Amino acid sequence: MIDTKIGIDWIIDMLRKDQSPDGSWDYPFETGISTDAYMIILLRTLEINDEELIQGLTKRILSRQAKNGAWKLFYDEGDGNLTATVEAYYALLYSGFCQKDDNRLSAAKKFIFANGGLEEVSMFTKVMLSLTGQYKWPAFSPLPIEVVLLPLYFPINFYSFSVFGRANLAPIMILADNKFSMKTDRSPDLSHLHLHRNDIDQWTRSNNFRSLYSFIEDGVKNLLGLPEQLHQLAIQRAKKYMLDRIEPDGTFLSYYSCTFLMIFALLSLGYKKTDSIITNAVKGIKSMMCEIDGFPHMQYTTANLWNTSLIGYALQTAGIAPDDHMVDQANRYLLDRQHHKFGDWVIHNPKTMPGGWGFSDINTILPDVDDTSAALRSISRIAPSKLQAWERAITWLLSMQNDDGGWAAFEKNINSKLLQFLPIEKGEFLLADSSSADLTGRTVEFFGQYTNLSKDHTTIKRGIRWILKNQEKDGSWYGRWGICYLYGTWAAITGLKAVGVPSDHSSVHKAVNWLRGIQNNDGGWGESCHSDSKKTYVPLRASTLTHTAWALDTLISTSEKPTPEIQKGITYLLASLKKVDWTTDYPKGQGMAGAFYVHYHSYRYIFPLLALAHYQKKFETNKRNIDG
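Being a predicted model, the structure only gives us computed values, none of them experimental.

Draft legend 1. Unusual backbone geometry, seen in detail. In this model, Ile483 is joined to Cys484 through a cis peptide bond whose omega is -20°. When you line up the elements, Cys484 lands in the loop between helix 18 (458–469) and helix 19 (485–498). Here Asn413, not a glycine, exhibits a phi torsion of approximately 55°, which is positive. On the secondary structure map, Asn413 appears in the loop between helix 15 (387–399) and helix 16 (427–430).

Right under this line is the structure:
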């Protein structure tokens, strides 16, 4: 029998050392170099000459460049990522710390030409290039701004989109409507990166979209009022949408991208660069900066609450008592951040009071299902003394179940099939917030393990049905917010097991066989970020700590004794805990397939700790009890 104690104790010591004075863990939420590039472009455009920060970001971007001149989103992406390379190239030129004839920029330019030039970058990047004067706004906007005026009963309306989609679309619609662009004396000229200079309008317009656009226009025409009045009202409504969702730190919903876009949208509406709302937004973005390997990194958001919820729960699973100072401080931090304000979720869930938790340190109005169940796991052992907080959160979590029986991240029933006809790149990730295996599995697991909700309760039965119905043919499940099939399968199976689905159930059996079949020779597991774009499991050809922990935790939950696969996996995990290489930096989270990946610095501790603690509790403790 393997002894896991040394590994568990080492992780606990690391977590104790890394806890912040406020009780949270502020491990970085790392998302490549895009936010760093956008920060340089933003500061230069606003003529905020923070040279120390700009130089630091420049050095970080250069440190991530590959030998062929490109930048990648993940290790095994291929030769490089065109969009990331254009963003880096633009920022480095605009920084003033790199010249056009620099060898590193010349290599980047060569890669950009070889991969289609500016015309082939992502839609979001084209928006950024347009609003900073490097690209022509399309003659045809993807959405008329009047869509914000359409009533909720109209088949497609502003609240048909996910909150993440709305937060980015509101400023984009204002900017596209105004065809706004802002250059400065220091603006570089990227016209040499165009390969097709005569193409005026790069937005695709399929027949399906033309029909949908006409449908939206007809809905707009049925609104009462003169067209120009409606147009102005729509602009004001979109502006109000942004301003009503500014968090205490000045950011728009605590997200980098929509705050960046909001700043430019407000400038397009006549705000001055020096207006407090603009300067506070910049200050808010700056406050999300962290340091990685000696360089500044602009986080897309902070992950303090998510980290702290998961770590608090993992520590207690590993035997740390709730009154231990480390856990007590973590739970105090969490309880202080339970939501009391109504957020956008109330639009589709109007009969429930606030009670959830959000993702970032500063979040007050954007709770999500995953953070709420994670925070509840951490405070579960002190729930009797915090009954009101506990009951408010349970009520909110129950109320967020979708009509199809699953749970999504932020809102209920945001899965209109019409959204697929909009010519918005990555629309399924940006605009929809559908039920997913990871969210549904984790929520079902929470109710099964941490509440007295009956296994026959309608909520549980509907959740089980959703999970079983959405299993892939190979036995896995797709995880929306992680990488990817290993994540979804871990959540689904641990959820099913927590509510009494037996290990010999055909779905569980199929998943276990799938996991066994993809175990690496070294005993670990690893999955490529290519999985989410290809919509099928793609092996990484190397093992990672986090993927191995997810796979192990799944197998441990389904087995009464440590199988050879589990033993090999645990051996790999214990031998690799202190490893630092590209596999420990590999993204384990995703926001948008093929475009936005997250390296959670906390995951190398959280999930190995959970897997080792579950192994210890189920197999080592039981063996000691039998032997004793």
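Draft legend 2. Spatial organisation of the side chain of Asn304. Here Asn304 is to be found in helix 12 (residues 304–317). With a relative accessible area of 10%, Asn304 lands in the buried category. Of note is the side chain of Asn304, whose polar atom sits 3.5 Å from the side chain of Ser24. Not counting residues up to four positions away in its chain, the partners in contact with Asn304 are Ser24, Trp25, Asp26, Tyr333, Phe359 and Asp361.

Draft legend 3. Representation of the sheet that holds strand 7 (residues 596–600). Overall, antiparallel pairing links the three strands, which are arranged 1-7-6 in an open sheet. Since the sheet does not close on itself, it has two edges, and those belong to strand 1 (29–30) and strand 6 (589–592), each with one partner. Across two bridges, strand 1 lies against strand 7 in antiparallel orientation. Note that in strand 7 the partner of Phe29 across the bridge is Tyr600.

Draft legend 4. Spatial organisation of the pattern of salt bridges. Using the criterion set out here, one finds 18 salt bridges in the structure. The residue Lys5 makes a salt bridge to Asp9 at a minimum N-O spacing of 2.5 Å. Highlighted residues: Lys5 and Asp9, both in helix 1 (residues 5–18), separated by four residues, approximately one helical turn. The partly exposed category is assigned to Lys5, whose relative accessible area is 45%. Given the relative accessible area of 30%, Asp9 is considered partly exposed. Here Asp50 makes a salt bridge to Lys286, at a shortest N to O gap of 2.9 Å. Placement of Asp50 in the loop between helix 2 (34–45) and helix 3 (51–63) and of Lys286 in helix 11 (residues 276–287) is noted, with a sequence separation of 236 residues between them. Among the residues examined, Lys286 registers a relative accessible area of 28% and is labelled partly exposed. In the salt-bridge network here, residues are joined through shared partners; they are Glu30, Asp36, Arg60 and Arg64.

Draft legend 5. Geometry of the state of the cysteines. What the rule picks out here adds up to zero disulfides. The cysteine Cys258 is free of any disulfide, with Cys290 supplying the nearest cysteine sulfur at 18 Å. When its relative accessible area of 0% is taken as the criterion, Cys258 is described as buried. Exposure remark for Cys290: the relative accessible area of 12% places this residue in the buried category.

Calculation notes
- Residues numbered from 1 in each chain as written.
- Predicted model: local features only at pLDDT ≥ 70, side-chain atom pairs only at ≥ 80, totals over all residues.
- Heavy atoms only, no water.
- Helix = DSSP H or I, 4+ residues; strand = E, 2+ residues; numbered from the N terminus.
- Buried < 20%, exposed > 50% of the residue type's maximum accessible area, 1.4 Å probe, protein only.
- Polar contact = N/O pair within 3.5 Å; in protein donor to acceptor, adjacent residues only side chain to side chain.
- Contact = heavy atoms within 4.5 Å.
- Pairing = 2+ DSSP bridges.
- Salt bridge = Lys/Arg side-chain N within 4 Å of Asp/Glu carboxyl O.
- Disulfide = S-S within 2.5 Å.

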